[in-house]
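Examining the three-dimensional arrangement
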Amino acid sequence: MKRTLLSALTILVASAAVAPIASAAEPASFNIQSARLEALDARTKNTVHKLRLEHLNNQTKAIEDIQATRLDALDARTKAIDNIQEARLDALDARTKAIDNIQETRLDALDARTKNRVHKLRREHLNNQTKAVENIQATRLEALDARTKAVDNIQEARLDALDARTKSVVR
């Protein structure tokens, strides 16, 4: 029993002597590992942050490219519509001039043939035709103007919608 008691006492004294040294060594290695872990976390966060920023920049560039393409297409459509409307107006002007020339020729022939009552009646009829043609042309021009305004309104609405989408994507 003396030996057991002496062995227990020796272990107790040795534990008391070694414990402060072991506890002092442990926090130092723990602190080094903690510092390494924090550095690794910081590097990982920076890398992830850079990747996220790069991804967002790529998305923003893609959206800008898409919007530029859409605006170019819209501009091309607008120009095409303007060209079509200009061609229609030119054709309408050509028809008007042709009708005017035909009517002028008819009047000249009518004046050359007779200057009596028949001439007056024919002239009245021709004036009525001219007025009817002018009314038809005015109606056509009004319809063309209405179409032009409708197209302009549609294009303006499209641009407003595109601007709204652009603003919502940028935010």
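Relevant structure appears above.
Summary of the structure given here.

Further remarks concern the overall build of the chain. Each helix and strand in the chain was counted, giving two helices and zero strands. Residues counted as buried form 9% of the 171 residues belonging to the chain. A separation threshold of at least 6 residues defines the contact pool for the chain, and within that pool the share at least 24 residues apart is 74%. Entry remark: accessible area of the chain is about 14200 Å², with carbon and sulfur atoms responsible for 59%.

Size it by volume and the largest pocket reaches roughly 150 Å³. Every residue along the wall of the largest pocket is listed here: Arg88, Leu89, Ala91, Leu92, Arg95, Arg140, Ala143, Leu144 and Arg147. Mapped onto the lining of the largest pocket, the elements with two or more residues apiece are helix 1 (2-113) and helix 2 (117-170). Looking at the lining of the largest pocket residue by residue, the class counts come to five nonpolar, no polar and four charged.

Among the structural elements, Gln103 can be located in helix 1. Ignoring any residue separated from it by four or fewer positions in sequence, one finds Gln103 in contact with Leu126, Gln129, Thr130 and Val133.

The next thing to look at is a negative patch on the surface. Together, Asp82, Glu86, Asp90, Asp93, Asp152, Glu156, Asp160 and Asp163 give the surface a local cluster of negative charge. Looking at the negative patch, the elements that each hand over two or more residues are helix 1 and helix 2. Tracing the sequence through the fold places Asp152 in helix 2. In this structure Asp152 comes out as partly exposed when scored by relative accessible area, which is 38%.

Turning to its location among the elements, Asp100 is positioned in helix 1. Taking the C-alpha atoms as reference, Asp100 lies 9.8 Å from Val133; in sequence the two are 33 residues apart.

On to the side chain of Gln155. With respect to the secondary-structure elements, Gln155 resides in helix 2. Judged by relative accessible area, which is 10%, Gln155 ranks as buried. If we skip the residues at most four places from it in the chain, Gln155 touches Leu74, Arg77, Thr78 and Ile81.

Analysis parameters
- Residues numbered from 1 in each chain as written.
- Predicted model: local features only at pLDDT ≥ 70, side-chain atom pairs only at ≥ 80, totals over all residues.
- Heavy atoms only, no water.
- Helix = DSSP H or I, 4+ residues; strand = E, 2+ residues; numbered from the N terminus.
- Buried < 20%, exposed > 50% of the residue type's maximum accessible area, 1.4 Å probe, protein only.
- Contact = heavy atoms within 4.5 Å.
- Areas by Shrake-Rupley, 256 points an atom, 1.4 Å probe, with all protein chains shown as cover.
- 1 Å grid on protein atoms, 1.4 Å probe; cavity = no way out; pocket = protein on both sides within 12 Å on 5 of 7 lines; lining within 4 Å.
- Points joined across faces, edges and corners; volume = space filled by probe spheres on them.
- Nonpolar A, V, L, I, M, F, W, Y, C, P; charged D, E, K, R; others polar.
- Patch = residues over 30% accessible without salt bridge, like charges linked within 9 Å, V, L, I, M, F, W, Y side chains within 5 Å.
- Salt bridge = Lys/Arg side-chain N within 4 Å of Asp/Glu carboxyl O.
- Lys, Arg positive; Asp, Glu negative; His and termini not counted.
- Charge placed at Lys NZ, Arg CZ, Asp CG, Glu CD.

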